[in-house]
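Close look at the chain arrangement
So the chains spell out like this:
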Amino acid sequence: MATRRIVWSLFLAGACAYAMAQNAPARFQLEIGGKQIGKADYQFTPAKNGFRAKAHYFFTVDAKSIIGERDADLGPDYELRSDTLHVSVNGENQTVSVAADPHASRLTFEGTAAGKPVSSTFDLHPGTVVFNNFDPSGVQGLIYMETARPQPDHQYWALLAQGKGVQVPMELTPRELGEGTLNGTSIHLKHWHLKISGTEGEIRADTDNNLMEFDVPIQALAYRRAGFLLKEADDAVPSQSVPGADAVEERSISFTSDGLKIPAVLALPKNLKAPVPVVVLVQGSGPHDADETIGPNKPFRDLAWGLAADGIATLRYEKRTHFAPETFRPHPDLDHEVTFDAVAALAFASAQRETDPGRVFLLGHSLGGTMAPVIAADRVQQVPGSVRGIIFLAGGALGIEETLQRQLLAQAKRQGADQGQLDAIQKQWQGIFQTINDPTTPADEMVGTPPLRLPETYWRSWIRQEPSAELAKLHLAALVLRGTKDIQVSEGDFQALARANTAPGGENQQIEGLNHLMMPVAGDSTGQEYFQPAHVSPEVIRLIADWIGTFH
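Described in the following lines is the structure provided in the data block. These numbers come from a predicted model, not from an experiment. (Residues numbered from 1 in each chain as written. Predicted model: local features only at pLDDT ≥ 70, side-chain atom pairs only at ≥ 80, totals over all residues. Heavy atoms only, no water.)

Take the sheet that holds strand 22 (residues 313-317) next. Here we have eight strands laid out as an open sheet, ordered 19-20-22-21-23-24-27-28, and mixed in their pairing. Of all strands in the sheet, those bounded by a partner on one side alone are strand 19 (248-257) and strand 28 (507-511). Looking at each pair of strands side by side, their axes are set apart by 20° on average, direction ignored. Relative to strand 24 (residues 389-393), strand 23 (residues 355-365) runs parallel, the two being bridged by five bridges. Counted as the bridge partner of Phe361 is Gly389 from strand 24. (Pairing = 2+ DSSP bridges. Helix = DSSP H or I, 4+ residues; strand = E, 2+ residues; numbered from the N terminus. Axes fitted to C-alpha atoms, helices over the stretch in contact; angles between N-to-C directions.)

This next bit is on helix 12 (residues 538-548). Because an α-helix completes one turn every 3.6 residues, residues spaced three or four positions apart along the sequence face the same direction. For helix 12, the complete set of buried residues consists of Val540, Ile541, Leu543, Ile544, Ala545, Trp547 and Ile548. Packed against the buried residues of helix 12 are strand 21 (276-282), helix 3 (299-309), strand 23, strand 24, strand 27 (477-483) and strand 28. (Buried < 20%, exposed > 50% of the residue type's maximum accessible area, 1.4 Å probe, protein only. Contact = heavy atoms within 4.5 Å.)

The next subject is the side chain of Thr293. Relative to the helices and strands, Thr293 is located in the loop between strand 21 and helix 3. Side-chain polar atoms of Thr293 contact the side chain of Asp289, separated by 2.8 Å. A polar side-chain atom of Thr293 sits 3.0 Å from a polar atom in the side chain of Lys298. Residue contacts for Thr293: discarding those within four places in its chain leaves His288 and Lys298. (Polar contact = N/O pair within 3.5 Å; in protein donor to acceptor, adjacent residues only side chain to side chain.)

Two side chains with opposite charge may pair up if their charged atoms get near one another. Going through the model one piece at a time under the given rule, you end up with 24 salt bridges. Close ionic contact of Arg320 with Asp258 constitutes a salt bridge, the shortest N to O distance being 3.3 Å. Of this pair, Arg320 sits in helix 4 (residues 320-323) while Asp258 sits in the loop between strand 19 and strand 20 (260-269), and the two are 62 residues apart along the sequence. Judged by its relative accessible area of 1%, Arg320 falls in the buried class. (Salt bridge = Lys/Arg side-chain N within 4 Å of Asp/Glu carboxyl O.)

Below, the discussion takes up the packing of helix 3 against helix 12. Axis separation between helix 3 and helix 12 bottoms out at 10 Å; the angle between their running directions is 50°. Between helix 3 and helix 12, the interaxial angle falls into the category oblique. As helix 3 runs across helix 12, the sense of the crossing is right-handed. On helix 12, the residues touching Asp302, Leu303, Gly306 and Leu307 of helix 3 are Ile541, Ile544 and Ala545. In terms of residue class, the contact of helix 3 with helix 12 is made up of five nonpolar, one polar and one charged. (Parallel < 35°, antiparallel > 145°, perpendicular 65-115°, else oblique. Left-handed = near helix turned anticlockwise from the far one by under 90°. Nonpolar A, V, L, I, M, F, W, Y, C, P; charged D, E, K, R; others polar.)

Right, let's get into helix 8 (residues 419-437). Here helix 8 spans 27 Å end to end across 19 residues, near enough to the 27 Å set by a 1.5 Å rise per residue. Leu422, Trp429, Ile432, Phe433 and Ile436 are the residues of helix 8 that are buried. For helix 8, the angular spread of the buried residues around the axis is 95°, confining them to a single face. Exposed side chains of helix 8 directed beyond 90 degrees from the buried face belong to Gln419, Lys427 and Gln434. (Expected span 1.5 Å × (residues − 1). Arc of directions from axis to C-beta.)

It is the contact of helix 5 (residues 334-350) with helix 6 (residues 367-382), at a shortest axis distance of 9 Å, that shows an interaxial angle of 55°. With respect to their mutual orientation, helix 5 and helix 6 come out oblique. For the pair helix 5 and helix 6, the crossing hand works out as right-handed. In this structure, helix 5 contributes Leu334, Glu337, Val338, Thr339, Ala342, Val343, Leu346, Ala347 and Ser350 to the contact, and helix 6 contributes Leu367, Met371, Val374, Ile375, Asp378, Arg379 and Gln382. Within the contact of helix 5 with helix 6, the residues separate by chemical class into ten nonpolar, three polar and three charged.

What the rule picks out here adds up to 16 aromatic pairs. Seen from their ring centres, Tyr42 and Phe44 are 5.9 Å apart, and the 85° between their planes marks the pair as edge-to-face. When its relative accessible area of 1% is taken as the criterion, Tyr42 is described as buried. The exposure class assigned to Phe44 is buried, which follows from its relative accessible area of 1%. Taking the centre distance of 5.6 Å and the plane angle of 75° together, the rings of Phe433 and Trp459 count as edge-to-face. With Phe433 in helix 8 and Trp459 in helix 9 (residues 456-463), this residue pair connects regions lying 26 residues apart in the sequence. For the residue pair Phe433 and Trp459, the accessibility class agrees, reading buried in each case. The structure contains a cluster of three or more aromatic residues connected by ring pairs, namely Phe328, Trp429, Phe433, Tyr458, Trp459 and Trp462. Between Arg301 and the ring centre of Trp305, over which it is positioned, the NZ or CZ distance is 4.7 Å. (Phe/Tyr/Trp six-rings, centres within 6.5 Å; stacked < 30°, edge-to-face > 60°. Lys NZ or Arg CZ within 6 Å of the ring centre and 35° of its normal.)

Attention shifts here to unusual backbone geometry. With phi around 50°, Asn90 is a residue other than glycine that occupies positive phi space. Mapped onto the elements of the fold, Asn90 is located in the loop between strand 6 (80-89) and strand 7 (92-101). Positive phi values are uncommon outside glycine, yet Ser105 reaches one of about 50°. Note on placement: Ser105 falls in the loop between strand 7 and strand 8 (106-113).

Turning our eyes to something else, we now look at the pairing of strand 15 (residues 199-206). Of all eight residues making up strand 15, eight are buried, and the element is well covered by its neighbours. Burial along strand 15 is two-sided: the face carrying Thr199, Gly201, Ile203 and Ala205 and the face carrying Glu200, Glu202, Arg204 and Asp206 are both buried. Relative to strand 15, strand 14 (residues 185-196) runs antiparallel, the two sharing eight bridges. Bridge pairing in strand 15 links Lys195 to Glu200. Across four bridges, strand 15 lies against strand 16 (residues 211-216) in antiparallel orientation. Residue Ile203 lies in a different strand from strand 16, and its bridge partner there is Phe214. Between strand 15 and the antiparallel strand that follows it, strand 16, lie four residues; Asn209 among them carries a positive phi value of about 70°.

Encoded structure:
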């Protein structure tokens, strides 16, 4: 799914903590997909009978430039007295305020929903900290509470301040210790695993409980203290991606698309003696680089090097949402995110002297697979016969409404949600899709809940996609591949594409034990393993190479 994010707020109910103060602001970098999108700082200082927490952050993501400021009044054990968040979104100001009344065990939220003022009341659990996406000060407050006096079984509650607010359970689990460096000096680390509202994250702090890093792998989101490096992550990055990496020659190039210069890598077999087949690689959702980097893993580099060893060239490129996100803001839709650049990449790949224009293939992973039939149709309309076949790598085929609700509910089940909580999630998203499907919803309105709070224009471009129907109309041979442990693309997606894959030469296969990245995983996939070093399965590369080899 897409990984777009905007400001959101969580109000976490937990235990008390011992008094701490910081002598200087803590400064952080905000990252998505390994690329810095902004900065944040915070400071906890002594105040009258308690503490003052102040935070500032700014970032640019998707079609939004956001500036936030937090000012909280906290008691001596970090219990919430009042908290205010001021946010400017492209110059439009918003305010959320929270007040705690311990005598009435009540938490009051005031803000706006759909441009109208709202006020809601929730149960006040002992100890509360405000936790805003892209503001690491909330994570720091949670560390203080957990370290001093954890809740029984490390169970907490969260109030998501979206619309009128939603309360969900939260779990914080201590993990193994680690090591890192801060400005070149070695430090020992504490480590916790966070589960909240269908999302999982990793928290690391030094032994003085100063937050160093917060990662949300499924969103490719990270807060990282300036000057901090995690040793385990650095040491774990593999030096080679797949066997046969010495059989590839790579050339950094660029091509033009929609008036933009797209950075790309052309990977060629060494010592090639004739024009060779070429595969254009199209990434999944999110602001990916050319390697489709996720943590220490580089699935597209694995594919490029592995296919080169079998005499097949590849073209992989950066998504515009990665290297030039500001160009996406005026046109937040799937054509500008995916289609236009992929069509231009196909044209560029076919024009290289080392490649065979009669054997140009399109490979789409995840969202890239969802969009592959549209991409191929647009290119074939430009030049008939210019695409020889399509490779679906964990490609989504079912409607986004069905897919998204299935993914969210499955993730919540894995994290222990009961039936009431599952029903609440389903009801929430049914309401969201009513808004999305309402033709009177303004095109520029932000709809959904983080991390999937997107412009209505983007949602409309997404719900229009019908990959199976488009594939059936194309009459192009396809290779449809899916791992049996894929938790993002279902067997239903695979079967829908397989039924539509009726052109001569089409093949369909599910591969045992592979996750959404087409990498082997021990046990069940959770998405967390995406951030453990691994490689695309050699079986996947062999299947692709053998299939391409049938085209002469």
